[in-house]
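# Structure at a glance
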Amino acid sequence: MNQLLQLDGNILLFIQENLRSDILTPVWKFITSLGDMGWFWILLSVLLLISKKTRKIGITSLLSLIIGTLITNVVLKNAIARVRPYEVIEGLELLVRKQADFSFPSGHSCASFAVAMVIFKMAPKMWGIMAVILATLIAFSRLYVGVHYPTDVIAGIIVGVFSAWAAIKLIKKYEKKNGS
């Protein structure tokens, strides 16, 4: 376990020393801001509700976000209570404001993949691929700005993918039950 924690920290320091740059930092800060409070994914899901053609995707996306938020922010973050990496790793510079909650798992990664995977499974593939690429960029941005360990991001992605799967299954079960 100690080796995994050390690897987590070393990856963040590698990113800081080798990938951060004055040119890229504003871009990564913007990308990470898309995941703040899930606003981008919530807005996208609400917009999908407008058209009857995409309403089912919007409903499923919102359900996926709810499932992911409950698992990540209500249960896991509080149960595990992992301290943020910038509080522990000597020399790691934080590029955004300090976060108010715990580190594990990444809520940005969870929300991003919760919606992106619903879109990937239910929308035309081009939109699904674009959503997954954006989700991946947001997940990586959490490492770049120094607010999450790699294992936080991986766990957030796993919870997000599970949330999308569960939401899709629940919607299908509801439709089957109600003859929709």
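Scroll up to find the structure this text is about.
Structural notes, computed from the coordinates. (Residues numbered from 1 in each chain as written. Predicted model: local features only at pLDDT ≥ 70, side-chain atom pairs only at ≥ 80, totals over all residues. Heavy atoms only, no water.)

### Notes on helix H4 (residues 55-80)
For H4, spanning 26 residues, the distance from its first C-alpha to its last is 36 Å, which sits close to the expected 38 Å at 1.5 Å a residue. Approximately 30 degrees is the largest bend angle found in H4, and it occurs at Thr-69. Taken together, the buried positions of H4 are occupied by Ile-57, Gly-58, Thr-60, Ser-61, Ser-64, Leu-65, Ile-67, Gly-68, Thr-72 and Lys-77. Along its buried surface, H4 packs onto helix H3 (39-50), helix H6 (107-122) and helix H8 (150-178). Of the residues flanking the end of H4, it is Ala-81, one or two places downstream, whose phi is positive at about 50 degrees. (Helix = DSSP H or I, 4+ residues; strand = E, 2+ residues; numbered from the N terminus. Expected span 1.5 Å × (residues − 1). Bend = angle between axes of the 7 residues up to and from the residue. Buried < 20%, exposed > 50% of the residue type's maximum accessible area, 1.4 Å probe, protein only. Contact = heavy atoms within 4.5 Å.)

### Remarks on a nonpolar patch on the surface
Taken together, the side chains of Met-1, Leu-4, Leu-5, Leu-7 and Ile-11 present a nonpolar region at the surface, about 490 Å² in accessible area. Tracing the backbone shows Met-1 in the segment before helix H1 (2-18). (Patch = residues over 30% accessible without salt bridge, like charges linked within 9 Å, V, L, I, M, F, W, Y side chains within 5 Å. Areas by Shrake-Rupley, 256 points an atom, 1.4 Å probe, with all protein chains shown as cover. Salt bridge = Lys/Arg side-chain N within 4 Å of Asp/Glu carboxyl O.)

### A word on the side chain of His-148
In this structure, His-148 sits in the loop between helix H7 (125-144) and H8. In terms of polar contacts, His-148 uses its side chain to reach the side chain of Arg-84, at 3.2 Å. Within polar-contact distance, the side chain of His-148 engages the side chain of Asp-152 at 3.2 Å. In contact with His-148, other than residues within four places in its own chain, are Leu-12, Lys-77, Arg-84, Pro-85, Ser-103, Pro-105, Ser-106, Gly-107, Arg-142, Leu-143 and Val-153. (Polar contact = N/O pair within 3.5 Å; in protein donor to acceptor, adjacent residues only side chain to side chain.)

### What about the packing of aromatic side chains?
Inspection of the entire model under this criterion finds six aromatic pairs. Taking 5.0 Å as the distance between ring centres and 65 degrees as the angle between the ring planes, the aromatic pair formed by Trp-28 and Phe-140 counts as edge-to-face. Placement of the pair is Trp-28 in helix H2 (residues 25-33) and Phe-140 in helix H7, with a sequence separation of 112 residues. Its relative accessible area of 26% is what places Phe-140 among the partly exposed residues. Ring geometry for Phe-162 against Trp-165: centres 5.7 Å apart, planes inclined by 35 degrees, an arrangement best described as tilted. With Phe-162 and Trp-165 both in helix H8 and three residues apart, this pair spans about one turn of that helix. Phe-162 gets classed as partly exposed once you look at its relative accessible area, which sits at 42%. The side chain of Arg-82 reaches across the aromatic face of Tyr-149, ending 3.8 Å from its centre. (Phe/Tyr/Trp six-rings, centres within 6.5 Å; stacked < 30°, edge-to-face > 60°. Lys NZ or Arg CZ within 6 Å of the ring centre and 35° of its normal.)

### Focus: the environment of Thr-72
Within the secondary structure layout, Thr-72 lies in helix H4. A sequence separation of twelve residues divides Thr-72 from Arg-84, and the C-alpha atoms of the two residues are 15 Å apart. Apart from residues no more than four positions distant in its own chain, Thr-72 is found in contact with Lys-77, Pro-105, Ser-106, Gly-107, Cys-110 and Val-159.

### Some remarks on the pattern of salt bridges
Within this structure, the stated rule accounts for six salt bridges. Lys-98 is the salt-bridge partner of Glu-87, the closest N and O atoms lying 3.7 Å from each other. Taken together, the residues span a long stretch of sequence, with Glu-87 in helix H5 (residues 85-88) and Lys-98 in the loop between H5 and H6 at a distance of eleven residues. One continuous salt-bridge network, built from bridges that share partners, spans Asp-8, Arg-82 and Asp-152.

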